[in-house]
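# Remarks on the overall topology
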Amino acid sequence: MMQSRPGGAMPARNHGRAWCLGVRCLAWGLAVLLGLAAVAHAADIMSPEERAALAELKQIRLVYDWKYPPFEFLGEDGRFSGLAADFIKEIENSLGVGIRAEAERDWPALLESLKERRADMAPAMAYTAERAQYLLFTDPYVHLPTVVFTQKHFKHIDGLADLRGLRVGVVNGYVSHAFLKSNYPDTFTIVPVNNIQEGLRQTAFGDLDAFVENVGVASYYIEQEGLRNLRVAATTEHETALSMAVRSDRPLLFSAIQKALANIPQERRRALLDKWVHPQERQIRTLTWLLYAAIGLLSVTVALLGVLLYRSLALRRAYQNKAQELAAELERSLTFQQALRASEEKYRAIFDHAPIGIFRCTYGDGLQEVNAALARMHGFSSPEAMLGGLEHLPLYSYLRPQGSRDIRSALAVSPQGLRLEALLGRRDGQAFPAIINASLQYDAAGEPASINGLVEDVAERRQAEEALRESEARYRSVIENIQDMYYRTDREGRLVMLSPSTPRQLGYDSVDELLGRPAADFWMEPDKRHALLERIAVEGRVLDYEVTLKDKSGGAVLVSTTSAYYRDGEGRVLGVEGIFRDITGRKQLEMQLADQLAFQQALLDTIPYAVFYKGTDCRFLGFNKAYEDWFGVRRQDLVGKTVLDLDYLPAEDRAAYQAEDEAVIAGAEPVHKEMSIPLADGAVHQTLYSVTGFRLSGGASGGLIGVIVDITEHKKMQELMIQTEKMMSVGGLAAGMAHELNNPLGIILQSVQNMERRLSPALPGNLEVARRLGLEMDSIAAYMRARNIDEYLRGIQEAGDRAARIIRTMLDFSRSSQSLRASCNVNALLDMAVDLAANDYDLKKRYDFKGIRIERDYDPTLPPVECMETEIVQVLLNIIKNAAQAMADRGQRPDPPTLRLITRQDPDAARIEIRDNGPGMDEATRRRVFEPFFTTKPQGEGTGLGLSVGFFIIAQKHKGRISVASRLGQGTAFAVEIPLGDAQT
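Residues numbered from 1 in each chain as written. Predicted model: local features only at pLDDT ≥ 70, side-chain atom pairs only at ≥ 80, totals over all residues. Heavy atoms only, no water.

## Some details on the overall build of the protein chain
- Per the secondary structure count, the protein chain includes 30 helices and 35 strands.
- Buried residues in the protein chain amount to 39% of all 985 residues.
- The long-range fraction of contacts in the protein chain, counting pairs at least 24 apart against all pairs at least 6 apart in sequence, stands at 58%.
- Counting only carbon and sulfur atoms, one obtains 55% of the accessible surface of the protein chain, whose full area is about 56600 Å². (Helix = DSSP H or I, 4+ residues; strand = E, 2+ residues; numbered from the N terminus. Buried < 20%, exposed > 50% of the residue type's maximum accessible area, 1.4 Å probe, protein only. Contact = heavy atoms within 4.5 Å. Areas by Shrake-Rupley, 256 points an atom, 1.4 Å probe, with all protein chains shown as cover.)

## Looking at helix 6 (residues 196-204)
- Among the nine residues that make up helix 6, nine are buried, leaving the element largely enclosed by the rest of the structure.
- Buried within helix 6 we find Ile 196, Gln 197, Glu 198, Gly 199, Leu 200, Arg 201, Gln 202, Thr 203 and Ala 204.
- N-capping of helix 6 is provided by Asn 195, with a side-chain oxygen placed 3.3 Å from the backbone N of Gln 197.
- Looking one or two residues beyond helix 6, the residue adopting positive phi is Gly 206, at roughly 90°. (Polar contact = N/O pair within 3.5 Å; in protein donor to acceptor, adjacent residues only side chain to side chain.)

## Some thoughts on the pattern of salt bridges
- Using the criterion set out here, one finds 56 salt bridges in the structure.
- Close ionic contact of Lys 67 with Asp 65 constitutes a salt bridge, the shortest N to O distance being 3.9 Å.
- A residue is classified by how much of its surface remains accessible, and Lys 67, at 8% relative accessible area, is buried.
- Asp 65 gets classed as buried once you look at its relative accessible area, which sits at 2%.
- As a salt-bridge pair, Glu 525 and Lys 528 come within 4.0 Å of each other at their nearest N and O atoms.
- The partly exposed category is assigned to Lys 528, whose relative accessible area is 31%.
- The network of salt bridges with common partners includes Arg 117, Asp 120, Arg 247, Asp 249 and Arg 250. (Salt bridge = Lys/Arg side-chain N within 4 Å of Asp/Glu carboxyl O.)

## Let's talk about the packing of aromatic side chains
- Evaluated as defined, the whole model comprises 25 aromatic pairs.
- Their ring planes at 20° and their centres at 5.7 Å tell us that Tyr 184 and Phe 188 sit as a pair that is stacked.
- Residue Tyr 184 is classed as buried on the basis of its relative accessible area, which comes to 12%.
- By way of ring pairs, the aromatic residues Phe 612, Phe 620, Phe 623, Tyr 627, Phe 631, Tyr 657 and Tyr 689 are connected into one cluster. (Phe/Tyr/Trp six-rings, centres within 6.5 Å; stacked < 30°, edge-to-face > 60°.)

## Quick word on the packing of helix 2 (residues 48-56) against helix 8 (residues 251-262)
- At their nearest, the axes of helix 2 and helix 8 sit 9 Å apart, and the two run at 110° to each other. One element, helix 2, and the other, helix 8, form an angle in the roughly perpendicular class. Where helix 2 crosses over helix 8, the two elements pack in a sense that is left-handed. Here Glu 49, Glu 50, Ala 53 and Leu 54 of helix 2 come into contact with helix 8, specifically with Leu 252, Leu 253, Ser 255, Ala 256 and Lys 259.
- Its residues assigned to classes, the contact of helix 2 with helix 8 shows five nonpolar, one polar and three charged. (Axes fitted to C-alpha atoms, helices over the stretch in contact; angles between N-to-C directions. Parallel < 35°, antiparallel > 145°, perpendicular 65-115°, else oblique. Left-handed = near helix turned anticlockwise from the far one by under 90°. Nonpolar A, V, L, I, M, F, W, Y, C, P; charged D, E, K, R; others polar.)

## A look at unusual backbone geometry
- The omega torsion across Pro 69 and Pro 70 is 0°, close enough to zero to call that bond cis.
- The backbone of Asp 544 shows a phi angle near 50°, a positive value even though the residue is not glycine.
- We classify Asp 544 as partly exposed; its relative accessible area is 45%.
- Positive phi, close to 60°, is recorded for Asn 788, a residue that is not glycine.
- Secondary-structure assignment places Asn 788 in the loop between helix 24 (777-786) and helix 25 (789-814).

## Notes on the sheet that holds strand 32 (residues 898-905)
- If you walk across this open sheet you meet the five strands as 30-32-33-35-34, and the pairing is mixed. The sheet is open, and its two borders are formed by strand 30 (853-857) and strand 34 (961-966), each paired with just one other strand. Neighbour-to-neighbour, the strand axes of the sheet open up by a mean angle of 15°, direction not taken into account.
- Bridge count between strand 34 and strand 35 (residues 972-979): six bridges; the pairing is antiparallel. Following the sheet pairing, Val 964 is matched in strand 35 by Phe 974. (Pairing = 2+ DSSP bridges.)

## Topic: the state of the cysteines
- All told, the structure shown has zero disulfides when counted by the stated rule.
- Summary of cysteine pairing: Cys 867 is not part of a disulfide, and the nearest cysteine sulfur, belonging to Cys 824, is at 3.8 Å.
- When its relative accessible area of 0% is taken as the criterion, Cys 867 is described as buried. (Disulfide = S-S within 2.5 Å.)

## Focus on the UniProt feature "domain: PAS" (unreviewed entry) in the protein chain
- UniProt annotation of "domain: PAS" (unreviewed entry) refers to residues 343-411, 471-508 and 596-668 when read in the numbering used here.
- What you have in residues 471-508 is 45% helix and 24% strand, and the ends, taken at the C-alpha atoms, are 29 Å apart. (UniProt positions renumbered as here; feature names shortened; annotations may be inferred.)

## Things to note about the pairing of strand 24 (residues 610-614)
- Counting buried residues along strand 24, four of its five residues qualify, which places the element largely inside the surrounding structure.
- As paired elements, strand 24 and strand 25 (residues 620-623) share three bridges and run antiparallel to each other. Residue pairing in the sheet places Phe 612 in a bridge with Phe 623 of strand 25.
- As consecutive antiparallel partners, strand 24 and strand 25 are separated by five residues, and within that stretch Cys 618 has a phi angle of approximately 70°, a positive value.

## Some remarks on the packing of helix 28 (residues 869-887) against helix 30 (residues 946-957)
- Closest axis-to-axis distance for the helix 28/helix 30 pair is 10 Å, and the angle between their directions is 145°. Handedness of the crossing formed by helix 28 with helix 30: left-handed. Seen from helix 28, the contacting residues are Glu 871, Ile 872, Gln 874, Val 875, Asn 878, Ile 879 and Asn 882; seen from helix 30, they are Gly 946, Leu 947, Val 949, Gly 950, Ile 953, Ile 954 and Lys 957.
- Here the residues of the contact of helix 28 with helix 30 sort into seven nonpolar, five polar and two charged.

## Details of the sheet that holds strand 20 (residues 495-498)
- If you trace the five strands from one edge of the open sheet to the other, you get 20-19-23-22-21, paired in antiparallel fashion. Unpaired on one side and paired on the other, strand 20 and strand 21 (541-550) mark the two borders of the sheet. Each neighbouring strand pair of the sheet contributes to a mean axis angle of 30°, computed without reference to strand direction.
- With nine bridges connecting them, strand 22 (residues 556-567) and strand 23 (residues 573-582) associate as antiparallel partners.

## Regarding the side chain of Arg 269
- Mapping Arg 269 onto the fold places it in helix 9 (residues 266-276).
- Buried and without a salt bridge, Arg 269 has Asp 139 as its closest oppositely charged side chain, separated by 7.2 Å.
- Once residues lying within four places of it in the same chain are set aside, the contact partners of Arg 269 are Phe 87, Tyr 141, Leu 261, Ala 262 and Ile 264. (Lys, Arg positive; Asp, Glu negative; His and termini not counted.)

## As for the confidence of the model for the protein chain
- Overall, the prediction assigns the protein chain a mean pLDDT of 80, with 82% of residues at 70 or greater.
- Confidence, expressed as mean pLDDT per element, reaches its minimum in the protein chain at helix 1 (residues 9-45) with 40 and its maximum at strand 9 (residues 167-171) with 95.
- Every residue in residues 1-43 is under pLDDT 50, and counting partners more than four places away or in other chains gives nine contacts.
- Confidence drops under a pLDDT of 50 for residues 399-405, and excluding neighbours within four residues, the segment shows 13 contacts in the predicted structure. (pLDDT = per-residue confidence, 0-100.)

## Digging into the pairing of strand 1 (residues 60-65)
- Of all six residues that make up strand 1, six are buried, and the element is covered over most of its length.
- Where strand 1 and strand 5 (residues 99-104) come together, six bridges link them in parallel fashion. The residue bridging Arg 61 from the neighbouring strand is Arg 100, located in strand 5.

## Some remarks on helix 8
- Compared with the 16 Å implied by 1.5 Å per residue over 12 residues, the 16 Å span of helix 8 between its first and last C-alpha is a close match.
- Where helix 8 is concerned, the buried positions are Leu 253, Phe 254, Ser 255, Ala 256, Ile 257, Gln 258, Ala 260 and Leu 261. (Expected span 1.5 Å × (residues − 1).)

## Looking at the environment of His 530
- Topologically, His 530 is positioned in helix 17 (residues 526-539).
- Separated by 323 residues in the primary sequence, His 530 and Asp 207 place their C-alpha atoms 7.5 Å from one another.
- Setting aside chain neighbours within four positions, we find His 530 in contact with Arg 167 and Asp 207.

## Examining a nonpolar patch on the surface
- There is a patch of nonpolar side chains on the surface, built from Val 769, Leu 773 and Leu 775 and spanning about 270 Å² of accessible area.
- As for its placement among the helices and strands, Leu 773 is situated in helix 23 (residues 764-773). (Patch = residues over 30% accessible without salt bridge, like charges linked within 9 Å, V, L, I, M, F, W, Y side chains within 5 Å.)

## Here we look at the side chain of Asp 86
- Examined against the element boundaries, Asp 86 turns out to sit in helix 3 (residues 83-95).
- Judged by its relative accessible area of 10%, Asp 86 falls in the buried class.
- There is a polar contact of 3.0 Å between the side chain of Asp 86 and the side chain of Lys 275.
- Those residues in contact with Asp 86 that sit more than four places away from it in its chain are Leu 272, Lys 275 and Trp 276.

Now the structure itself:
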């Protein structure tokens, strides 16, 4: 290195700055040139198709195993690290592209990511036939032997065949796993593990007999985990060859990666391998070279020494013996002086820099020499300051032995040296405990000349020891008085420490009966212990893990454990410790509570209304089966959610419900209201919605309980009753009107009859009056015929008769509430319904009932049925009216609207069929025609009650049957069956 000359500091500094600036500019220029060279080089090794394919990719996504060192792992800086990472950097530089690396959570997830095309490549993977179905593999860039790891005390083995009948672990999904399954399927039990750490730990703790993995990664983890009881027991015939793997649908990316990998110089490959995989081999080669060099140098030196020795012997014979003795004496003197100087230098270095105090004093206790540590110990800034301020060592008193206050007197008893504890005094007068090691130094006459000694300040150590004793006492007190079972095992899983409560709860007499035994002996379910150890290995600590222990009699003890690793000062795992808590009582209470909750849930499920309950956070705690059925939800999907999460409710309704829930839980009045709610059947139902809060035993709010009662049918029945009342009112009004109309109608009919009698030439009285008035009856009759007066009179007579029949039918129909069962002719009932329909104002004016062709196909032998006449007519009239209204909407068709009426006798019933050739209906409409309030008519033109009332009359009141068959465009057919009953007899 260049150094500045004296007197030229400033110019040299300026020159250095200029030089540094020039170096930076040169480095920048080189970086640009190297970048351009990398791009040019990438262009050289890639084909135009490969360059286009890489340019088309927005990014190359690489996934790697974050715990597979030294090949690929997540570094302490959070970056992709390892041998594979360095090879990827070489590929990036060679191709001039960037590759984004992402760590996957485990090996199966990495394979799944590649298989589903979420990632483009993996940097370190061994070839298998299965993986080759969706991946392309480059030439391997590293080869690793696969070996067998066992505990150090495990028996000697030569290979995998010697593990017959034992448990051998291997990482699930690794190529070594496939190798064992293919070559040793029945030799030993293959135990798949999640990762290499887990397999090594289980082998170290004795849960596995052996573990198979490549030597590179496994050795790394053995050192990291501190698993000192493991060794390489044998090699295998398997070798792990790591390649780059690229998804098979990116062949151009694969070919570019293959070219870039092959383009890495062999020297660079060896450097990377030496960095990550072969550092120990490099050290061995270096040491071997140094050894060979040392041996060669030693050989040359021996040869030279031989020559010199030969010549020296020849010369020595020429000198006198005296000269030889003087030379030897001089050499010994020089050697002694050099050794003395070296000894003094070492002594001075030790004396000055020793961390403990050193002193020399006269035999009379007068201080002669102290070091810096002793001076600081007594509160002085330097040894010189201490020697100037003290004549004697400030020895206050001995701690042991008591009564002695003089080092000299103590040494008189122990002339070979002594060690004593004493209180020494600091410069400020404070005393501190110290340990003094002192010995006597004698003069040439054998008399004591001085005292040499070491002083160690043990104040902090005393405090630490005292704190440690107190801590141990507290710890021991906790362990001895804890009611739970405390345990600690070593790495092999043997019990090394237990609380006194452990043998008591497991039925043993003392702790000594259990210490040294494998912890697995006391587990009722060994698989659960393996699962616990695996969770501890992953999570570090496991809380409230429920297991079953085995007591001395073999009985089960239900416990929960909280366990974790305990480690030494360097962080190496020494074993597992934790507590077991007997939860038998708790489990009994939990079972009782579960039984109570099951009973309450069963009780709730018997309630036909929707019931739900929520906690103070407005989240669902549960609900009954009716709620599930009504809203089409599952209990496990809804518990823990608020009403804001219910997608089947409108957003504005959810916000209102949430505010209402919060108010009720806060102490507001209960909510009772009628509201419309959409249910799972797709219909909006009328409900009675009630929500009330409840309190816990301590008086705090516990949440709310809600009940939803479907009152849709109730509402419909109310409307039906109102409609029935209206119909009864209309019936009563019609009856009154019919009675009132009968009187003038009777006068009209009687007047027409009298007019016909007065104009009849057959009555002598008429002839007499006509002669008296000079009239001829025949002329009068001819005049009436000429003026159509007789036709008018007949029309008045017919209209009056028809009006009388209509009034009589209305009177009969209006007496429905008072009608009784009677034997009725079915054909006559059907005709009466047709007559009523023909005289219906709406049917005449709006639907042209007279334009409908009526076809009758009656069974003349049909016996009478016992029924309520007016109710049956009401049902038939409603069907006929519906048919007439439907046929009016059938559009332009060549065939006329036709209503076909059929009666037949079935074995046990009289059957009435009413068929039309209207537009028909679809299946969804057909299934709902008998539902109350269902109608396809425009609003205001129908109540939707006619057919539902008809169904009730036929099915409930007459124990008959009513059905409908229909298809779109093919008309509709209603069938009514009325039991024959006693009327047939």
